[in-house]
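Here is what each chain is made of, one letter per residue.
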Amino acid sequence: MFSKILIANRGEIAVRIIKTCRKMGIQTVQVYSEADAGSLAVEMADEAVLIGPAPAAQSYLLADKIVEAVRQTGAQAVHPGFGFLSENAGFARRLRDEGIAFIGPNPEAIEAMGDKISSKKLAAEAGVSTVPGHMGLIETPDEAVTIANEIGYPIMIKASAGGGGKGIRVAHSDADMAEGFAAVKAEALNAFGDDRVFLEKFIVDPRHIEIQVLGDKHGHVVHLFERECSIQRRNQKVIEEAPSPLLDEATRAAMGAQAVALAQAVNYDSAGTVEFVAGQDKSFYFLEMNTRLQVEHPVTELITGVDLVEQMIRSAWGEALAFEQKDLKIDGWAIESRIYAEDPYRGFLPSIGRLVRYEQPEEGEQNGYVVRNDSGVREGDEISMFYDPMIAKLCAWGETRADAVEGMARALEDTHLAGLGHNVPFLAAVMDQDRFKSGNLSTSYIKDEFPDGFHGLKPTQEQERILIASALAMHEVIAEQDGDPSDRTDWIVMIDKTPHGVGLSYDEDEEMILTLTGGGDIRLSDIDWRPGLAQFKADLDGEAFTAEVKRVADGFDIRHRAAKARVRVLRPHVAELYARLPEKAVADTSKMVLSPMPGLVVSIPVAVGQEVKTGETVAIIEAMKMQNILKAERDGVVKAVGAKDGDPVAADDVLVEFG
C-alpha cells in the first residue's frame, strides 16, 4: 500500500481524504495556495507545500506545480478530490508517464467520459438511455437558435467541459438562447479553459438521480445504488439523499445495470458517478458521467458502510474489489445539506468574508439519528472569493426517511454561523416543508416553492411557543444576573408586532411553567444558555430544541429553523406603547441597480444619457467563478454609472442610477 499520498485539492474534500489516509496509516502531503496557508487541511496534513497565489489558475490548476510537489516530498500517488484537475485526462496521463499513481480512473476512461458530447455517443452505444439533443459543436448564437427551434424549447445550454453547476443555462425562447449561449461560452472558457457548448432537450419537471459506481483494475465494476439530487439552485446541487424516494426496486436495478454497463465499456477502475435525468413516471435518461468522487458521496457511504475514498486508494494500488454486487445492501436513509456562504434572503448570492462564529452539531449517534459533518473550515477562517463558497456538508442518517429528515432538521438547528450570509435557514425550511417530507421532488423545487425568493417561513404554532419560551427564559436569566429579579408573573411577549399574554410560574423542580392567555401551558426544562451565547438550548414539553439568539437593545432576535422574529418581553402597559410606534420608512432604491454581491465588474454596457428598456442587461458581475447578469427592472434614462469594467465592488454598491 502507498506510504504517502499528495492531495491536489483544498477545503472539506482535502480534510475528508486526510481522515481516510490516517485510518489507513498513510502519510499525507497537502498542497496549498497563498489564500489557504492557514487552512484546516494544511494543519491536519503531515506535510504541506505552497504551490502559488490564490487564483486556482495560478495554483491548484497547474500540473507542473503538483508534479514538482510530488517529487519534492516523495509522495507515491496523487488524490485530486473533485474539481480542479480531478477530471483532467492529460494530468492523469502525465502522472502515469512519470510513475506517479493517480487515485482516480485511467486517463482513457476520463477522456471518453469527460467530454459530454462524446460520452453521450458512447452511452448510446452501451445501451444507455439518452436525452434528445444536438451533440455537435455549435459556433454562433444564430446557429444555436436554429438548432433549438429544430429540437423545441425548453433547451438546456451546457458547456462540454462543464461541471459543478457552472456553464449551464435553460433557454425558453430565441432571445434566451442567444444571450444564454454567449454567457455559457464565456463562463466555460473562464472556468474550464474550453468554450465548447452543446444543446439538449430540457425535461419538464425532471428529477436528478445518479448511480455511484466503483471499479478496479481487474475488470470488476459494482454500483452502490442511487442518490437523489433534485433540490438544486442554478443547477448546483443543494440537498442530496440516498436512496431516492422515487425509485422502486425494478427501476433501481435497471439504472444500476446501465451505469455498470457504461463503466465497463470504458474499463472504469475507480469511483465514479453516472448521472441521469428522471421523469416522474420513472423514465430516465443519461446526462453525463463524472469520472471522480462526487461532493455528495457521504450519503452513499452512510447507507452502504463503504468508504469510497479508501476504495479509490485500494483500486489505484491495484487491489481487486473485496465485495461483489450481491454483498451490497441499502441500510437506512441519509440526507446531505450543503452549507454555503451565500445569503438566501438576497437571492442566494455569494457572501464572502470571515467566519466569525462557527458552532457545529455534535457528530455521531444522537437521539434516533446519526450526524456527520464534513467541513474544511474553522471558526475564524475566511471564505475567499477565489473558490466555491462551501462551508460544510452536513449529513444525517436515520432508519427511515422521516427519521433522516427530522435528524437533519435538528442538526441544522445545532449549527450556528456568523460573520457572513449562509443558507442554513433555507435548508431548514426545506426540511420542514410537507412537499419535501412527502418525497415529491423535482429540479424546479426551489423555484416552485419559493417563486418570490426566500424570505423565511412564518412561525408555526409550535415555533411561536419556542420563541415565547426562549425569550422569557433569557429575560429571567439576565434579570437574575443583573441582580434585579422580578416577582412579576404576567408578561406580554411580542413576536414582531403580535402580542402574546403569558403567565410565569415555577414548579417544585424550579422548571418554568408558562401559561398562555390563549390557553395551554408550556413546560421549559434543561435550559442551557447564558448571556453571550448565540444558541439557546432547552426542552419544551420534553422535546429538545435549539434556537439561534441575539440580544438587542429592546429584546431578542430569535431564529428557529426558518422562522425568525424580533421578540420582546414587556410589561402590559409598555406593550401598549409599542403598538403605537410608527413604521420606519424604507430607503427608496427603485431607481438604482445595486451590486447584489461582492465581486468584479465584467462589463457595464450602458452609458450616461442612454435610454434603457425593461429587461435589458445593465451590468455583469463575476463572483465565485459565476457570471451574474443584472437587468433593468423598468424603462429609464441612465443618470450615472458607478463602476467600470474590471472594478471590484461590494454588496449594495450602486452600479447604475436612472434619472
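Scroll up a little and you will see the structure.
Residues numbered from 1 in each chain as written. Predicted model: local features only at pLDDT ≥ 70, side-chain atom pairs only at ≥ 80, totals over all residues. Heavy atoms only, no water.

Thoughts on the side chain of Asn-373
Considering the arrangement of structural elements, one finds Asn-373 in strand β21 (residues 370–375). A polar side-chain atom of Asn-373 sits 3.4 Å from a polar atom in the side chain of Tyr-358. Setting aside anything within four residues of it in sequence, one finds Asn-373 in contact with Tyr-358, Gln-360, Glu-363, Ala-392, Lys-393 and Leu-394. (Helix = DSSP H or I, 4+ residues; strand = E, 2+ residues; numbered from the N terminus. Polar contact = N/O pair within 3.5 Å; in protein donor to acceptor, adjacent residues only side chain to side chain. Contact = heavy atoms within 4.5 Å.)

Examining helix α6 (residues 116–125)
What α6 keeps buried is the set Lys-116, Ile-117, Ser-119, Lys-120 and Ala-123. Along the axis of α6, the buried residues cluster in a sector spanning 165°; they form a single face. Gly-127 occupies a position one or two residues after α6 and carries a positive phi of about 85°. (Buried < 20%, exposed > 50% of the residue type's maximum accessible area, 1.4 Å probe, protein only. Arc of directions from axis to C-beta.)

Observations concerning the side chain of Arg-338
As for its placement among the helices and strands, Arg-338 is situated in strand β15 (residues 333–340). At 3.4 Å, the side chain of Arg-338 and the backbone oxygen of Lys-237 are in polar contact. Within the local environment of Arg-338, its side chain forms a polar contact with the side chain of Glu-296, the two groups lying 2.8 Å apart.

A short note on a nonpolar patch on the surface
Together, Met-385, Phe-386 and Leu-600 make up an exposed nonpolar region whose accessible area comes to about 220 Å². Looking at the secondary structure, you find Leu-600 in strand β34 (residues 599–603). (Patch = residues over 30% accessible without salt bridge, like charges linked within 9 Å, V, L, I, M, F, W, Y side chains within 5 Å. Areas by Shrake-Rupley, 256 points an atom, 1.4 Å probe, with all protein chains shown as cover. Salt bridge = Lys/Arg side-chain N within 4 Å of Asp/Glu carboxyl O.)

Brief notes about the nonpolar core
By size, the foremost hydrophobic cluster in this structure holds 40 residues, and its most contacted members are Ile-239, Ile-335, Ile-391, Leu-412, Phe-426, Met-431 and Phe-436. Element by element, the count of residues in this core is highest for helix α13 (residues 424–432), at 7 residues. Discounting residues that sit within four places of it in the chain, Phe-436 has contacts with Ile-231, Ile-239, Glu-241, Ile-335, Arg-401, Val-405, Val-430, Met-431, Leu-441 and Tyr-445. Listed in part, the 37 residues of the second largest apolar core include Ile-18, Leu-293, Met-312 and Leu-321. (Core = buried A, V, L, I, M, F, W, Y, C linked by side-chain atoms within 4.5 Å.)

Quick look at the packing of helix α3 (residues 63–73) against helix α4 (residues 89–97)
For the pair α3 and α4, interaxial distance at closest approach is 11 Å and the crossing angle is 30°. In terms of orientation, α3 lies roughly parallel with respect to α4. Between α3 and α4 the crossing geometry is right-handed. Contacts between α3 and α4 involve Ala-63, Asp-64, Ile-66 and Val-67 from the former and Phe-91, Arg-94 and Leu-95 from the latter. Among the residues forming the contact of α3 with α4, the class breakdown is 5 nonpolar, no polar and 2 charged. (Axes fitted to C-alpha atoms, helices over the stretch in contact; angles between N-to-C directions. Parallel < 35°, antiparallel > 145°, perpendicular 65-115°, else oblique. Left-handed = near helix turned anticlockwise from the far one by under 90°. Nonpolar A, V, L, I, M, F, W, Y, C, P; charged D, E, K, R; others polar.)

Structural notes on the sheet that holds strand β6 (residues 133–134)
With antiparallel pairing, the 4 strands of this open sheet are ordered in space as β6-β9-β7-β8. At either margin of the open sheet sits one strand with a lone partner, and together these are β6 and β8 (166–171). Pairing of strand β7 (residues 155–163) with β8 involves 5 bridges; the strand directions are antiparallel. Bridging across to β8, Lys-158 finds its partner in Ile-168. Each of β7 and β9 (197–201) touches α6; the most contacted strand, β7, lies at about 105° to it. The sheet strands contacting helix α8 (residues 174–192) are β7, β8 and β9, and the helix crosses β8 at an angle near 170°. (Pairing = 2+ DSSP bridges.)

A short note on the environment of Thr-140
By the secondary structure assignment, Thr-140 is in the loop between β6 and α7 (141–151). Separated by 331 residues in sequence, Thr-140 and Ala-471 place their C-alpha atoms 60 Å apart.

Here's the deal with the packing of aromatic side chains
Taken as a whole and assessed by the stated rule, the structure comprises 12 aromatic pairs. When the ring of Tyr-60 is compared with that of Tyr-387, the centres are 5.8 Å apart and the planes differ by 75°; the resulting orientation is edge-to-face. Of the two residues, Tyr-60 sits in the loop between β3 (47–52) and α3 while Tyr-387 sits in the loop between β22 (382–383) and β23 (390–398), which places them 327 residues apart along the sequence. With respect to burial, Tyr-60 and Tyr-387 carry one shared label: buried. (Phe/Tyr/Trp six-rings, centres within 6.5 Å; stacked < 30°, edge-to-face > 60°.)

So, the pairing of strand β28 (residues 521–528)
The pairing of strand β27 (residues 512–516) with β28 spans 4 bridges and is classified as antiparallel. Each bridged residue has a counterpart across the sheet, and for Leu-514 the counterpart in β28 is Ile-522. Taking the residues that link successive antiparallel strands as the turn, the β27-β28 hairpin has 4 residues, and the phi of Gly-519 there is positive, at about 115°. Sheet topology places β28 next to strand β29 (residues 535–540); 3 bridges connect them, and they run antiparallel. Of the residues in β29, the one forming a bridge with Ser-525 is Asp-539. From the end of β28 to the start of β29, which pair antiparallel, there are 6 residues, and Gly-532 there has a positive phi angle of about 105°.

Considering the pattern of salt bridges
One pass over the structure, following the stated rule, counts 60 salt bridges. For Glu-301, the salt bridge is made with Arg-16, and the minimal N-O distance between the two is 2.7 Å. Placement of the pair is Glu-301 in helix α10 (residues 297–304) and Arg-16 in helix α1 (residues 11–24), with a sequence separation of 285 residues. Overall, the relative accessible area of 8% leaves Glu-301 in the buried class. According to the relative accessible area criterion, Arg-16 is buried, its value standing at 7%. Each of Arg-16, Lys-23, Glu-301, Asp-307, Glu-310, Arg-314, Glu-319, Arg-372 and Asp-374 takes part in a single network of salt bridges with overlapping partners.

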